[in-house]
Each structure stands twice: as C-alpha cells, then as structure tokens.
Amino acid sequence: MMFRALLRTRFAALIAAMTPRGKDGKRRGKGMMVVMCLLLVYVAGIIMVSSLALFYNAAGKMAGTDNEWMYFAIALLFAFSLSFIGSIFTTKMQLFEAKDNELLLSMPVPPSYILASRSLYLYIVSLAYILVIMLPALAAGLFTGLLGALSALFMLLGTLLLPLAVLAFSSFFAWLLALVTAKSGKKSLVTTVLSLAFFVAYFIFCMNMNKYVSLLLDNISAIATALKFPLSPFYAFGAGLSNGIAGAPQYLIFAAWCILPFGAAAWVISASFIRIATMRAGRSKAKYREGKIRVRTPGAALLAKELRHFFSCSAYVLNCGMGNVLIIIASVAMLINRGTILGLFGADASEEYAVIAGIIAAAVPGIPLFCSAMSPVTAPSISLEGKNLWILQSMPVSGSTVLMSKVWLHIVVNTPAMVIFSFCAGITFRLGIPAVISMLLLGVASTFFYAFFGIVLNLKHHNFDWVNETVPLKQSASVMISTFAGMGISLLYFVPAIALAVFGIPSWAVNLVCTLPFALVAWLMFRYIMKKGGRKFETLS
C-alpha cells in the first residue's frame, strides 16, 4: 500500500506538470494535458516513422547475409543511446537531487520503498524512449522476414530488459554529474553547460542519422568486427535473435549485461541512499569582498537583476534560449557548407543566380524568425516573480520600468544571434551590404516584437502559484501562445517575401517592407506597456 502511494505520487507529479493551477489553487486545464500528450505522441510518431524507414533499408541489405545479427545490434545501440541521453538528467533529479528526499525520510517510510518507487518510475521513462526505436526495428524485421515469431518474442523480452542496463549506467553518470555540479560551487552554470552539450550532441546526431546509417551499411564488415568483441552485449543480443534456439547462450549473456549491472547499482545506491539523499556537498560559503558599490539607474539595476536570474537558472536558459542555439548552429553550418550551397544555386551562372539570390535573400531571414520564436524570454518573465512579486511592486519604480527591464533582457539575449546570422547569411550567399543591413533591421524589429508580445501575453496569462520554476517556463499559456504564434507568423512571412522577390523587387526592399509590420505592432505594444500595462502590473496579485 505504501509503495503504491509513493508510485502514485511520482506519476501525479508528472500529470500535475501538464495541468497548471488556477488562481484558486486548484488544478485547471485538463485540455492542456491532452494537448501535451498529443504533442508527445506527434514527436514520438515522427521519430518512429523515420526509424522505420532506416531499419527497413538496413533489414533489406542485411537479410540473408552473415551479418544479420548486426541489424539487432544497431537497433540495440540506437535504443540504448536515445534512452541514456533522454533519461540521465531525469535520473539525476529523481535519485540525487529530489526536493522531497528529507520530507519522505522524516516519515515512517522505508528508504527501500522510496528508492524502489523512483527506480520503477525511471524504468518506465527509459522504456518509453526505447520503444520509440525498438518498435520500428521490430516492425521492419517482421516486414522483411528477418524476424520469426520466436525471435520477435525474444526481441520484445530484450526491450523489457534493456531499461535495466540504461538505469545502471545512467545512475552512475548521474551520480558523477551530481558530484561535479555540487563540488563546482556554480551548480546552475554547470548544469546549463552540460545540458546544452547534450542537446547539441543529440541535435547533431539526429541531423546526421541518415549519413551515419549509410556509413554504417557501407562499412558493415569493419563495424561488425569492432562490435564482436568477447562477451559483447551487442553481438550477444544480435546473435541470440538471429540464430534462433542455438543463440540462447548468447542471449543469456545479453540478459546478464542488463541484470547484473542493474543489481550492482541498486545494491550500491540502496546501501548509501540516506547519505546520498541528504548530502550537501560543495555548498560554497559566502565570503565578504571589499569593493566599490556601483550606482545604476533603476532600469539598469533591474536589467542586471533580470540577467542574473536568467543565467543562474538552467531551466530558464534551456527553455527560453534554444532558439538562439539553433540560429548559431544554422549560421555556422552555412559558413561550413558555403561552397556546396553556392553550387546548388548555380553561383557561376550570373544572370540566373541574380534571380535566385533575390529570392534567397528574401526567404533566408525567415529562418531566424522561426527559431527566435523558440526563445520567448519575456513570456514567462512576470510569472517567474512568483511570491516575490510584492518586492518589485513595493519598490519606488513604476510598473512600466519593471516591464521594460524584462523587455531589454529579451533584446540582450536574442539580438546577438540575429546579428551573427545576418552576417553569416551575407557571406554565404554573397548578399550585398544593403541586403545584410535590411536583414539585420528585420531581425531586430522582430526581436522587439517578440519581446513586447511575450510581456503583453504574460500580463494577461500569469501564474504566480507555482512550486518549481519549470511550471511557468514549460506549462504556461503565455509561453505556448508566444511560441506557436511566433512560429506561425514566421511561416506567414515567407509568402509575401518570396512573392515580392519573384516580381523583381530588390531583397533589401523586401526586407524593409516586412520590417514595417513588426516595427509598427511593436511600437503599439510599447505604448500599451508604458501606460496601461505598467499600471496593470502594479495591481497584479
């Protein structure tokens, strides 16, 4: 009974993350939970369809060869990698940094129950990631005749065993991450950097998945030799499935790779769970440093406060800064592949290229417009004040000054990526100075538009009743509306921009024409914030 209650608590927290609270403190918006579930199903569906195409191609090339076992080994490798990357930070939070550890340990609850409930929760999370890869692999194997009924059954069993291995290895690396972040003294900074590194690595892997699979199939013999080392779990899994009953001993080796590390990790963590759950390693002590006090204007002081909050909160950076990461990645990719891009658009044919270059110059700004919609810095900024809202309201500054400091935070965070993209696009596509300047103006105008748009939305849809900052960052209506509306606006941008370019209007003129609506609406929202918006902020509660 106690174990079931703990498990219910884990999943209740997951469901609560999808249903924000109303002003009366009660959970609202079950429709939001449905939307989030549909979004997760949509993302999982895209990955599964892509994986099905890849595995179907691989199965066709490996069927009937001596390397049939490689098909299952590849599926195992991909599933383990996706699950490990997707669950390592969840494991870190659940096992080593859970905020309710001390509360639960103060109750008459056996520590083994706490650990077991969290392990089962993590097992289900890992299994969800693994199914996204293994189900398409299973389907492709059945379609191509690579799998029989018995092999399919053992593959399903292996799918259920694999999360144990993921849990064992993710627990070890999560422990290392927790130790590093605790010892560093700058926990938020280290967590943000590590999270960004994982995100970039995963993004690069997904973008080049077809390339990696093609390279793997072209060098299958060499890779098979590398994976066929003594007691290899990849070879054991593949041989166990491809050899039928004769492969049972190999399959047992794979099962041992899953069960034994998990058992060892469970024994180590359970033996030291209380010490792990209550550790306070690396807490830096405040040290007095003599120095001069810097005098700032109210706006500058508030902006400094917003910048400190943004960069000290890893969740804020990760949820409202990913668009900038994508823009910078796109900028670097353009420069690296400049020769290939120019070749595709016929850079040597001057007359033809002049027409295409005009269309490109008009369409390219849509890329940072789309990506910047994924950096809605201002959309949760008011809600993030939470219980400390009264401090800002009691200060001798106007509400409009506070709101403008949040707007300037958005500008400071998002403008550099726009500038970098504009210059990189100009170099890559050989755009003239007027086109680059007009693209930069469009980017700056859109940045101001998104900044004011987020503030106006958050004034309307605010939520100060939260326990964790991820609630206003991930689940607020203002963030969702700002993100999806921004994406829609950026997609609508392509229609008039390309149409004007086709009719021979210079690219710099196209960019300036499209800049006007952003600038006009941004100015109107600025007027609203300086008058009614500021007064509304002063009365929020």
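Here, the structure is the one placed above.
Draft legend 1. Seen up close, the overall build of the chain. Across its full length, the chain carries 24 helices and zero strands. Counting across all 541 residues of the chain, residues that qualify as buried make up 45%. In the chain, of all internal contacts separated by at least 6 residues, the share reaching a separation of at least 24 is 82%. Entry remark: accessible area of the chain is about 27400 Å², with carbon and sulfur atoms responsible for 71%.

Draft legend 2. Highlighting the packing of aromatic side chains. Applying the stated criterion across every chain, the model contains 20 aromatic pairs. A ring pair is formed by Phe84 and Phe173, whose centres lie 5.5 Å apart and whose planes are at 85°; its orientation type is edge-to-face. Here Phe84, found in helix α3 (residues 68–96), pairs with Phe173, found in helix α6 (residues 149–184); they are 89 residues apart in sequence, far enough to count as distant. With a relative accessible area of 36%, Phe173 lands in the partly exposed category. Taking 5.8 Å as the distance between ring centres and 65° as the angle between the ring planes, the aromatic pair formed by Tyr493 and Phe494 counts as edge-to-face. By relative accessible area, Tyr493 is classed as buried at 4%. An aromatic cluster of three or more residues is present, and its members are Phe80, Phe84, Phe169, Phe172 and Phe173.

Draft legend 3. View of the side chain of Ser482. In this structure, Ser482 sits in helix α23 (residues 477–502). The contact partners of Ser482, leaving out residues within four places of it in the chain, are Ala373, Pro376, Ala379, Phe453 and Leu457.

Draft legend 4. Looking closely at the pattern of salt bridges. Taken as a whole and judged by the stated rule, the model has four salt bridges. Close ionic contact of Lys406 with Glu385 constitutes a salt bridge, the shortest N to O distance being 2.6 Å. On the criterion of sequence distance, the pair formed by Lys406 in helix α20 (residues 399–428) and Glu385 in the loop between α18 (366–372) and α19 (389–394) is long-range, its members being 21 residues apart. Take Lys406 and Glu385: they sit in the same class, and that class is buried. Connected via shared salt-bridge partners are Lys305, Glu306, Glu385 and Lys406.

Draft legend 5. Structural view of the packing of α3 against helix α5 (residues 111–143). Running from amino to carboxyl end, α3 crosses α5 at an angle of 155°, the nearest separation of the two axes being 9 Å. Here α5 runs roughly antiparallel to α3, going by the angle between their axes. The handedness of the crossing between α3 and α5 is right-handed. A breakdown of the residues in the contact of α3 with α5 according to their chemical character gives 18 nonpolar, eight polar and one charged.

Draft legend 6. Expanded view of helix α13 (residues 298–312). The first and last C-alpha atoms of α13 sit 21 Å apart over 15 residues, in line with the 21 Å expected at 1.5 Å per residue. If you check which residues of α13 are buried, you get Leu302, Ala304, Glu306 and Phe310. Next to the buried residues of α13 lie α14 (314–320), α19 and α20.

Draft legend 7. Here's a closer look at the nonpolar core. Phe55, Met70, Tyr71, Met155 and Phe237 are the most contacted members of the largest nonpolar core, which has 63 residues in total. When contributions to this core are tallied by element, the ones reaching two or more residues are α2 (30–62), α3, α5, α6, α9 (220–227), α10 (233–242) and α11 (248–271). Once you skip the residues sitting within four places of it in the chain, Phe55 turns out to touch Tyr71, Ile74, Ala75, Phe78, Ile133, Pro136, Ala137 and Ala140. Ranked by size, the runner-up nonpolar core spans 36 residues in total, among them Val397, Ile411, Phe453 and Ala522.

Rules behind the numbers
- Residues numbered from 1 in each chain as written.
- Predicted model: local features only at pLDDT ≥ 70, side-chain atom pairs only at ≥ 80, totals over all residues.
- Heavy atoms only, no water.
- Helix = DSSP H or I, 4+ residues; strand = E, 2+ residues; numbered from the N terminus.
- Buried < 20%, exposed > 50% of the residue type's maximum accessible area, 1.4 Å probe, protein only.
- Contact = heavy atoms within 4.5 Å.
- Areas by Shrake-Rupley, 256 points an atom, 1.4 Å probe, with all protein chains shown as cover.
- Phe/Tyr/Trp six-rings, centres within 6.5 Å; stacked < 30°, edge-to-face > 60°.
- Salt bridge = Lys/Arg side-chain N within 4 Å of Asp/Glu carboxyl O.
- Axes fitted to C-alpha atoms, helices over the stretch in contact; angles between N-to-C directions.
- Parallel < 35°, antiparallel > 145°, perpendicular 65-115°, else oblique.
- Left-handed = near helix turned anticlockwise from the far one by under 90°.
- Nonpolar A, V, L, I, M, F, W, Y, C, P; charged D, E, K, R; others polar.
- Expected span 1.5 Å × (residues − 1).
- Core = buried A, V, L, I, M, F, W, Y, C linked by side-chain atoms within 4.5 Å.

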